[in-house]
Amino acid sequence: RTKPCRLVEIEQHTDDRGKLSVVEGGSTVGFPIRRVYYLHDTRSGTERGGHAHRALEQLIIAVHGSFTVRLDDGRQRAEYHLDDPGTGLYVGPMVWRDLVDFSAHGVCLVLASQHYDESDYYRNYDDFLRDV
Ligand code: TYD
């Protein structure tokens, strides 16, 4: 069920007014976007995440500031420092993620393939490893 995590380039329209960045479900990301949430008013050094999902797919974007995403699929670990609104990180099912090292006021935008469902979460790392 694990799908490879990867950086995704986001379409940008730049002119002298600034930049406009676009994510479309089904093309920029392969999944339909059913939920959008964002982490904001973050304190410098804040840590979040600490879970995996059974089925959920997500695109994670640092729309302001920066943070680091640590990924672990039970076999391999990878770390991405996100600081560019023009690049998203696709995270598929069955990947443990920790979000660390938030810059002050960093904003993490998450586009998700499903509505919120607590039963889709692994919040215990050992339970996650057992099912990998
Ligand atoms: P939590 O999973 O701790 O957030 P993070 O992944 O950033 O560490 O979620 C914080 C609270 O918000 C928790 O009580 C669950 C709730 N929540 C929702 O009600 N709906 C949602 O879509 C999300 C992502 C969280």
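Above: the structure in question.
Cut-offs and rules
Residues numbered from 1 in each chain as written. Predicted model: local features only at pLDDT ≥ 70, side-chain atom pairs only at ≥ 80, totals over all residues. Helix = DSSP H or I, 4+ residues; strand = E, 2+ residues; numbered from the N terminus. Buried ≥ 20, exposed ≤ 12 C-beta atoms within 10 Å, placed from the backbone. Contact = placed C-beta atoms within 7 Å. Pairing = 2+ DSSP bridges.

Draft legend 1. Representation of the environment of isoleucine 60 within the structure. Positionally, isoleucine 60 belongs in strand β6 (residues 58–64). On the neighbour-count criterion, isoleucine 60 (23 C-beta atoms within 10 Å) is buried. Separated by 22 residues in sequence, isoleucine 60 and leucine 82 place their C-alpha atoms 8.8 Å apart. Excluding residues within four positions of it along the chain, isoleucine 60 makes contact with Val69, Leu82, Gly88, Leu89, Val91, Cys108 and Val110.

Draft legend 2. Layout of the sheet that holds strand β12 (residues 121–122). Strand order in the open sheet formed by 5 strands is β8-β7-β10-β5-β12, with antiparallel pairing between adjacent strands. In this open sheet, the two edge strands, each paired with only one partner strand, are β8 (77–82) and β12. Sheet topology places strand β5 (residues 48–53) next to β12; 2 bridges connect them, and they run antiparallel. Pairing of histidine 53 across the sheet is with tyrosine 121, part of β12.

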